[in-house]
Amino acid sequence: MKPRVAIACQGGGSQTAFTAGVLKALFENKIQDHVNIVSLSGTSGGAICAFFIWYALRKGDDCVWKRLIDFWEDNTAQTPQEQFFNDSVIKTLKSISQGLIPQYSISPSNPLVQTLMSFATLSLRSRFTNFTELLETHIDFSELAAWGAQPEPPILILGACNILTGRLHKFISRHEPVKIEHILASACVPNIFPAVSLEAMAYWDGLFSDNPPIADAMRRDDVGMENLPQEIWVIKINPTTGDKIPVTPNEIADRRNQLEGNVSLFQSLRQVDDLNMIMSRGGFRDEFLAERDIKEPIKIPKLFPEDPDQPYHIPMIEMSEDLAKSLTYEDKLDRSPENINRLITDGEKQGQKFIEARFRQMK
């Protein structure tokens, strides 16, 4: 019987083009023929990647990864005007981080800001500056509404934060039809986009939630008993370790962003690790485990390579060390073809390495 696998995609803006490359490698190798993908979860940019793969699987696309890569190509700065706009924004942000120019905080809902942006982007493709239009170019959301809730695997789980109740929120395809607002909410960076309103509630970026959602992929009420995973694969954007103490303002900002992006991930995986430990010591009744078809601990990524007490052999899928060291916080907003393409290419390489190692383990 094929092992049940949950794929969780960490968020990180443009850097999640790396995730797109990983997913391309996984599905080029027809991973769905070797494992049973029971759920796909994601936050922010990770939610976008998980959504496109989920949609392609539900549609029965022959090339599962094509829609996702097409989206990322369309999302890049393509014309000279778009490249100039993108480069100007990134250079300005980096100058602010380095303390070379002052920072001005203005609400994205400010009418003046919206008017100035409309003038500044007149020469750009409308879907380059309108995220809703970009998504609607690639997905027929009226079709999704007609589908209704989808109880069959894979289950899609998108993380967001309800800013009125203060609760972490998940949009789950098993419970409700997937809407464009769910994706917009998960990717709603509050200093870039106004809050997303939905059914009298308002939502911000899933990075304030679980990054990525993991616990929900293990809850019977969320995914169904038959879709509880035996393995969790995490496509990880933020590096775990650093090689030097950050000193300059931009170094501090970069490292702080990385650490904040990993907090919820490590907490979730530690919880799974604790449950595995309890199970291995006989803390659950046999009939309870049998009811859930649990025969062994859930295989999760190893949190820290030097940890000898965690035996699970399936690693996180992470960027190459050279690429991770070269990236800054501002690169999470960089939509230049050079930045996006190098991320996708590295994702393909790391995904291929993961698949080769995983196939060896399955033989």
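Q: What is the right way to look at the confidence of the model for the protein chain in this model?
A: Looking at the protein chain as a whole, its pLDDT mean stands at 86, while 91% of the residues score no less than 70. Per-element mean pLDDT across the protein chain ranges from 68 in helix α5 (residues 111-120) up to 98 in helix α1 (residues 17-28).

Q: What am I meant to see in unusual backbone geometry here?
A: Leaving glycine out, the prevailing phi sign among residues is negative, and the prevailing peptide bond configuration is trans. Residue Pro154 is bonded to the preceding Pro153 through a cis peptide linkage, with omega at 0°. Mapping Pro154 onto the fold places it in the loop between α8 (141-147) and β3 (155-162). Pro212 follows Asn211 through a cis peptide bond whose omega is 0°. Phi is positive for Glu199, close to 50°, though the residue is something other than glycine. For Glu199, the location among the structural elements is in the loop between β5 (196-198) and β6 (201-204). Assessed through its relative accessible area of 63%, Glu199 is described here as exposed. Positive phi values are uncommon outside glycine, yet Ala200 reaches one of about 70°.

Q: Looking at this structure, how should I read empty space enclosed by the protein?
A: In this structure the tally under the stated criterion is 2 cavities of 30 Å³ or more. Approximately 100 Å³ is the volume found for the largest cavity. For the largest cavity, the lining is made up of 13 residues, of which Gln15, Pro239, Gln258, Leu327 and Lys332 are closest to its centre. When its residues are assigned to classes, the lining of the largest cavity shows 6 nonpolar, 5 polar and 2 charged. Approximately 30 Å³ is the volume attributed to the second largest cavity.

Q: Would you explain helix α7 (residues 131-138) in this entry?
A: Residue pairs three or four apart in sequence face the same way in an α-helix, which turns once every 3.6 residues. Buried within α7 we find Phe131, Leu134, Leu135 and His138. Looking straight down α7, one finds its buried side chains confined to an arc of 95°; they lie on one side. If you follow the buried residues of α7, they end up packed against α2 (45-59), α3 (66-74), α6 (126-129), α8 and α9 (180-186). One side-chain oxygen of the residue at the start of α7 lies 3.1 Å from the amide nitrogen of Thr132, identifying that residue as Asn130.

Q: Please explain the packing of α1 against α3 as it appears in this structure.
A: The relative placement of two packed helices is expressed as an angle between their axes plus a distance between the axes. Packing of α1 against α3 leaves a shortest axis separation of 9 Å and a crossing angle of 155°. Taken as axis vectors, α1 and α3 run roughly antiparallel relative to one another. The hand of the α1/α3 crossing is left-handed. Residues Ala17, Ala20, Leu23 and Lys24 of α1 pack against Leu68, Ile69 and Trp72 of α3. Counted by class, the contact of α1 with α3 contains 6 nonpolar, no polar and 1 charged residues.

Q: Hey, could you run me through the nonpolar core in this one?
A: Within the largest apolar cluster, 63 residues are counted, with the highest numbers of intra-cluster contacts made by Ile7, Leu23, Leu26, Phe27, Phe51, Trp72 and Leu135. Here this core takes 10 residues from α2, the largest share from any one element. What Phe27 contacts, discounting residues up to four positions off in sequence, is Gln32, Ile37, Ile53, Leu57, Val64 and Trp65. Judged by nonpolar contacts, the second largest core, of 10 residues, contains Ala8, Ile232, Val234 and Leu269.

Q: Please explain α2 as it appears in this structure.
A: For α2, spanning 15 residues, the distance from its first C-alpha to its last is 21 Å, which sits close to the expected 21 Å at 1.5 Å a residue. Among the 15 residues in α2, 12 count as buried, and that is most of the element. Of all the residues in α2, the buried ones are Gly45, Gly46, Ala47, Ile48, Cys49, Ala50, Phe51, Phe52, Ile53, Trp54, Tyr55 and Ala56. A positive backbone phi angle near 75° is found at Gly60, which sits one or two residues after α2.

Reading guide: rules and limits
- Residues numbered from 1 in each chain as written.
- Predicted model: local features only at pLDDT ≥ 70, side-chain atom pairs only at ≥ 80, totals over all residues.
- Heavy atoms only, no water.
- pLDDT = per-residue confidence, 0-100.
- Helix = DSSP H or I, 4+ residues; strand = E, 2+ residues; numbered from the N terminus.
- Buried < 20%, exposed > 50% of the residue type's maximum accessible area, 1.4 Å probe, protein only.
- 1 Å grid on protein atoms, 1.4 Å probe; cavity = no way out; pocket = protein on both sides within 12 Å on 5 of 7 lines; lining within 4 Å.
- Points joined across faces, edges and corners; volume = space filled by probe spheres on them.
- Nonpolar A, V, L, I, M, F, W, Y, C, P; charged D, E, K, R; others polar.
- Arc of directions from axis to C-beta.
- Contact = heavy atoms within 4.5 Å.
- Polar contact = N/O pair within 3.5 Å; in protein donor to acceptor, adjacent residues only side chain to side chain.
- Axes fitted to C-alpha atoms, helices over the stretch in contact; angles between N-to-C directions.
- Parallel < 35°, antiparallel > 145°, perpendicular 65-115°, else oblique.
- Left-handed = near helix turned anticlockwise from the far one by under 90°.
- Core = buried A, V, L, I, M, F, W, Y, C linked by side-chain atoms within 4.5 Å.
- Expected span 1.5 Å × (residues − 1).

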